[in-house]
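Read off the chains here:
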Amino acid sequence: MRTVSHLLVPLLAVVLISSLPAACASGRESGEAAPGGQPAPAPARGYVTDIERATLENEDYRRVLVTGAHTQLVLMTLRPGEEIGQETHEDGDQFIRVEAGTGRVVMNGQAHPVEDGSAVVIPAGVAHNVVNTGDAPLRLYVLYSPPEHAPGTVHRTKQEAEAAKRGH
């Protein structure tokens with residue numbers, strides 16, 4: 001499985017880079033802070049990062065790295081026992097890649113164990129949940145297609161994410 005996932009990650013990077021529009025251009029290099037301390041939008045030529053390192057270093061519940069016209073890259077960290085809660089995205093697909101920890105993905109009531117190296121595709125309309133079943137943080141990244149969150153979104157905790165959701 002490691003061999004297949006190591007081939008899949010570069011392919012996803014190409015897909016992500018090719019989907020970013022010129023409208024995301026800011027004139028800054030990726031990684032430089034935009035005003036207000038938020039991550040800079042992706043430059044018109046694309047976005048490149050060490051996704052494994054970024055995911056492993058992420059301490060936030062949710063951190064949007066880059067948003068294109070058709071795809072969004074988001075880092076997530078679930079604390080032990082934490083879950084995203086069951087949800088369904090009617091109009092968008094998700095790809096999840098686990099970089100550390102152990103957990104369970106439930107799709108339409110069927111549970112699937114996940115760990116470092118696991119890849120999950122959740123089609124639009126599928127009820128799903130991600131649960132950290134381990135003793136360490138579950139660190140993953142998500143590709144949403146189309147984008148799900150506002151560009152630059154950072155929720156340090158699940159409680160912060162839920163409060164923001166209630167506020168809309």
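What counts, and at which threshold
Residues numbered from 1 in each chain as written. Predicted model: local features only at pLDDT ≥ 70, side-chain atom pairs only at ≥ 80, totals over all residues. Heavy atoms only, no water. Pairing = 2+ DSSP bridges. Helix = DSSP H or I, 4+ residues; strand = E, 2+ residues; numbered from the N terminus. Axes fitted to C-alpha atoms, helices over the stretch in contact; angles between N-to-C directions. 1 Å grid on protein atoms, 1.4 Å probe; cavity = no way out; pocket = protein on both sides within 12 Å on 5 of 7 lines; lining within 4 Å. Points joined across faces, edges and corners; volume = space filled by probe spheres on them. Nonpolar A, V, L, I, M, F, W, Y, C, P; charged D, E, K, R; others polar.

Caption draft 1: Representation of the sheet that holds strand E7 (residues 128-132). With respect to topology, three strands assemble into an open sheet ordered E5-E4-E7, the strand pairing being antiparallel. Strand pairing shows two members of the sheet lacking a second neighbour, strand E5 (110-115) and E7, which therefore form its edges. Each neighbouring strand pair of the sheet contributes to a mean axis angle of 20 degrees, computed without reference to strand direction. When strand E4 (residues 102-107) meets E5, the two strands line up antiparallel, connected through six bridges.

Caption draft 2: Layout of empty space enclosed by the protein. Scanning the model with the defined rule gives one cavity of 30 Å³ or more in all. Its volume calculated, the largest cavity comes out at about 80 Å³. Lining the largest cavity are Arg 62, Met 76, Leu 78, Ile 84, Glu 87, Gln 94, Ile 96, His 128, Val 130, Leu 140, Val 142 and Tyr 144. Those elements that place two or more of their residues in the lining of the largest cavity are strand E2 (72-78), strand E3 (93-100), E7 and strand E8 (138-145). A per-element tally of the lining of the largest cavity places E8 first, with three residues. Across the lining of the largest cavity, the residue classes tally to eight nonpolar, two polar and two charged.

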